[in-house]
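Take a look at the letters that make up each chain.
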Amino acid sequence: MNPHSTLVGSDNRQFTDLTQHEIQALRTRFNLADAHTHQRQSATQQDIVSRLPELWYEAENGLQATYEQRFIESFFRLHGQRTALARRKTMLSYAASISTMVAGMYLKQQRMSVTLVEPCFDNLYDVLDNMGVPLYPIDEAALHDPDRIYAELKRRVRTDALFLVDPNNPTGFTLLQYGRRGFEEVVRFCKDHNKLLIFDFCFASFTLFGSELERFDVYELLESSGVSYLAIEDTGKTWPVQDAKAAMITPSDDIHEDVYNLHTSVLLNVSPFVLNMLTQYVEDSRADQLGSVREVLGVNRDAIGKALDGTVLELQNPVADVSVAWARINHPELTATELQRVLGAAEVYVLPGRYFFWSQPDKGESYVRFALAREPRTFADAMVRMREVLDRHAG
């Protein structure tokens, strides 16, 4: 049996990964499982939707390369990644999982072993493991002290590659809290010890336009250091576009040709219409500094804070205000699996933490994750229902 397996629902179906839970949650009234965006359109985003026929015919009559370049330029301008924009070597796919598959294919081809951060979303582990890539964990805590990052990595990393998620899903931890220094220490270690550095930046938009964090030009650091790297970016966790998304993978020059050859073996292109539409959303967020996205998450973050106050669940404060909430269970006899079962019976679907701890699932039984990118009114109703369940359980 898969060590991550758990039982949920009246049919006693066994689930082997988080995605299978998320599929089940899509059938549930209060789906707080997947981190995809399910909130409604802002006023300016409604204007984009009203122009979809125009965007369709525009893409139909244009060149694929035009819409690829427009999207990449818009995305990296929003993120302040001028070096990635100037290098023009980013490859597009239609999901971050596909970009991760390409990374996994490269690792398998080169017979590389990987040290992967823990906790993290389990499909990173699953994709690489299913490709036969040897995987070893490194506790996120190894990155929590900038004065110790280099020494901790030197002590813990014995593999050919290091794979980090920044900001991390589910915890919201990011090296950006140290400015450039945290990233510099990671890059310095990988360069000194000839490690391939892989970054998943799929939650990076939640570090933009904040009061304390600032996403600097990470690609300038990567390129100037000479480190071998792969960087994955994604739109799927940011804009409410019903999963019409795009992902990107950018390699360092020394491995570009190998990665490009693998990428073209997977797919030809992303829909020019989807790219044309996504560009409008990115530009809309440049104009409002991601206000429509951040406002929804802020309202729901406040709502869950109030709902959990005084219960057995304690919210963990993220460094970056990502689109998920991570909560610790403060009850010696209550596990995440059991709590999910109880909440699920009340049509509130959350994710148990055991899957995020891919090498030691039992450690995750003390945590659950909530998705925040939901319509606030629906989310508020879910919080009422959840509080009722938690109060009954406490009683």
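Residues numbered from 1 in each chain as written. Predicted model: local features only at pLDDT ≥ 70, side-chain atom pairs only at ≥ 80, totals over all residues. Heavy atoms only, no water.

Novice: Help me out: how do you make sense of the sheet that holds strand β14 (residues 351–352) in this one?
Specialist: In a beta sheet, neighbouring strands pair by backbone hydrogen bonds and run either parallel or antiparallel. An order of β11-β12-β15-β14 is seen for the 4 strands of this open sheet, with the pairing classed as antiparallel. Strands at the two margins of the open sheet, each flanked by one partner only, are β11 (313–315) and β14. Pairing between strand β12 (residues 324–329) and strand β15 (residues 367–371): 5 bridges, direction antiparallel. Residue pairing across strands places W326 opposite R369, the latter belonging to β15. (Pairing = 2+ DSSP bridges. Helix = DSSP H or I, 4+ residues; strand = E, 2+ residues; numbered from the N terminus.)

Novice: I'm lost on the pattern of salt bridges in this one. Help?
Specialist: Opposite charge on two side chains permits them to pair, given that their charged atoms come into close proximity. Applying the stated criterion across every chain, the model contains 25 salt bridges. Measuring nitrogen to oxygen at the nearest pair gives 2.7 Å for the salt bridge that ties K89 to E223. Residue K89 is found in the loop between α5 (82–87) and β4 (91–93), and its partner E223 is found in helix α10 (residues 218–225); the two are separated by 134 residues along the sequence. With respect to class, K89 is no different from E223; both count as buried. In this structure, the salt-bridge partner of E152 is R148, at a minimum N-O distance of 3.1 Å. (Salt bridge = Lys/Arg side-chain N within 4 Å of Asp/Glu carboxyl O. Buried < 20%, exposed > 50% of the residue type's maximum accessible area, 1.4 Å probe, protein only.)

Novice: I keep staring at the sheet that holds strand β9 (residues 229–234) and nothing clicks. Help me out?
Specialist: Ordered by their spatial adjacency, 7 strands build an open sheet running β4-β10-β9-β8-β7-β5-β6, and the pairing between neighbours is mixed. What marks the edges here is a single partner per strand, and that holds for β4 and β6 (135–139). When the angles between neighbouring strand axes are averaged without regard to direction, this sheet yields 20 degrees. When strand β8 (residues 196–200) meets β9, the two strands line up parallel, connected through 4 bridges. Its bridge partner being in β9, I198 is matched across the sheet by L230. In this fold helix α6 (residues 96–109) packs onto β4, β5 (114–118), β7 (161–165), β8, β9 and β10 (247–251), with an angle of close to 30 degrees to the strand it touches most, β10. (Axes fitted to C-alpha atoms, helices over the stretch in contact; angles between N-to-C directions. Contact = heavy atoms within 4.5 Å.)

Novice: Could you clarify how one ought to interpret the pairing of β6 in this entry?
Specialist: In summary, the side chains of a regular strand alternate between the two faces of the sheet. Where β5 and β6 come together, 5 bridges link them in parallel fashion. In the sheet register, V114 faces β6, and the bridge partner there is L135. A crossover links β5 with its parallel partner β6, the connecting element being helix α7 (residues 122–130), and its sense is right-handed. (Right-handed = clockwise from strand over helix to strand, strands pointing away.)

Novice: Any chance you could explain the side chain of T90 here in plain terms?
Specialist: Mapped onto the fold, T90 is located in the loop between α5 and β4. Looking at T90, its side chain comes within polar contact range of the side chain of T250, at 2.7 Å. (Polar contact = N/O pair within 3.5 Å; in protein donor to acceptor, adjacent residues only side chain to side chain.)

Novice: Honestly, helix α9 (residues 181–192) in this entry has me stumped. Any pointers?
Specialist: Residues that lie three or four places apart on an α-helix share one face, since the helix turns once every 3.6 residues. Between the first and last C-alpha of α9 there are 16 Å, a value that for 12 residues agrees with the 16 Å anticipated at 1.5 Å per step. All buried positions along α9 are accounted for by G182, F183, E185, V186, V187, F189 and C190. Next to the buried residues of α9 lie α8 (149–156), β7, β8 and α10. In the segment just after α9, N194 is the residue with positive phi, at about 55 degrees. (Expected span 1.5 Å × (residues − 1).)

Novice: Whenever I open this one, the state of the cysteines confuses me. Can you help?
Specialist: Simply put, disulfide is the name for a covalent bond between the sulfur atoms of two cysteines. With the rule as written, the count across this model stands at 0 disulfides. No disulfide involves C120; its sulfur sits 12 Å from that of C202, the nearest cysteine. Residue class for C120 comes out buried when judged on its relative accessible area of 0%. Note on C190: no disulfide assigned, nearest cysteine sulfur contributed by C120 at a separation of 16 Å. (Disulfide = S-S within 2.5 Å.)

Novice: Help me understand the confidence of the model for the protein, please; the structure alone is not making it clear to me.
Specialist: Summarising the model, the protein shows a mean pLDDT of 94, and 96% of its residues fall at 70 or more. Across residues 5–12, confidence stays below pLDDT 50; counting only partners more than four residues off in sequence or on other chains, it has 20 contacts. (pLDDT = per-residue confidence, 0-100.)

Novice: Explain the packing of helix α2 (residues 43–50) against helix α12 (residues 272–288) to me, please; I cannot follow it from the model alone.
Specialist: Axes are the key here: two packed helices are described by the angle between their axes and the distance separating the axes. Between α2 and α12, the shortest axis-to-axis distance is 10 Å and the interhelical angle comes to 160 degrees. Taken as axis vectors, α2 and α12 run roughly antiparallel relative to one another. Of the two elements, α2 crosses α12, and the hand of that crossing is right-handed. Contacts between α2 and α12 involve T44, Q45, I48 and V49 from the former and Q280, Y281 and D284 from the latter. Here the contact of α2 with α12 is composed, by residue class, of 3 nonpolar, 3 polar and 1 charged. (Parallel < 35°, antiparallel > 145°, perpendicular 65-115°, else oblique. Left-handed = near helix turned anticlockwise from the far one by under 90°. Nonpolar A, V, L, I, M, F, W, Y, C, P; charged D, E, K, R; others polar.)

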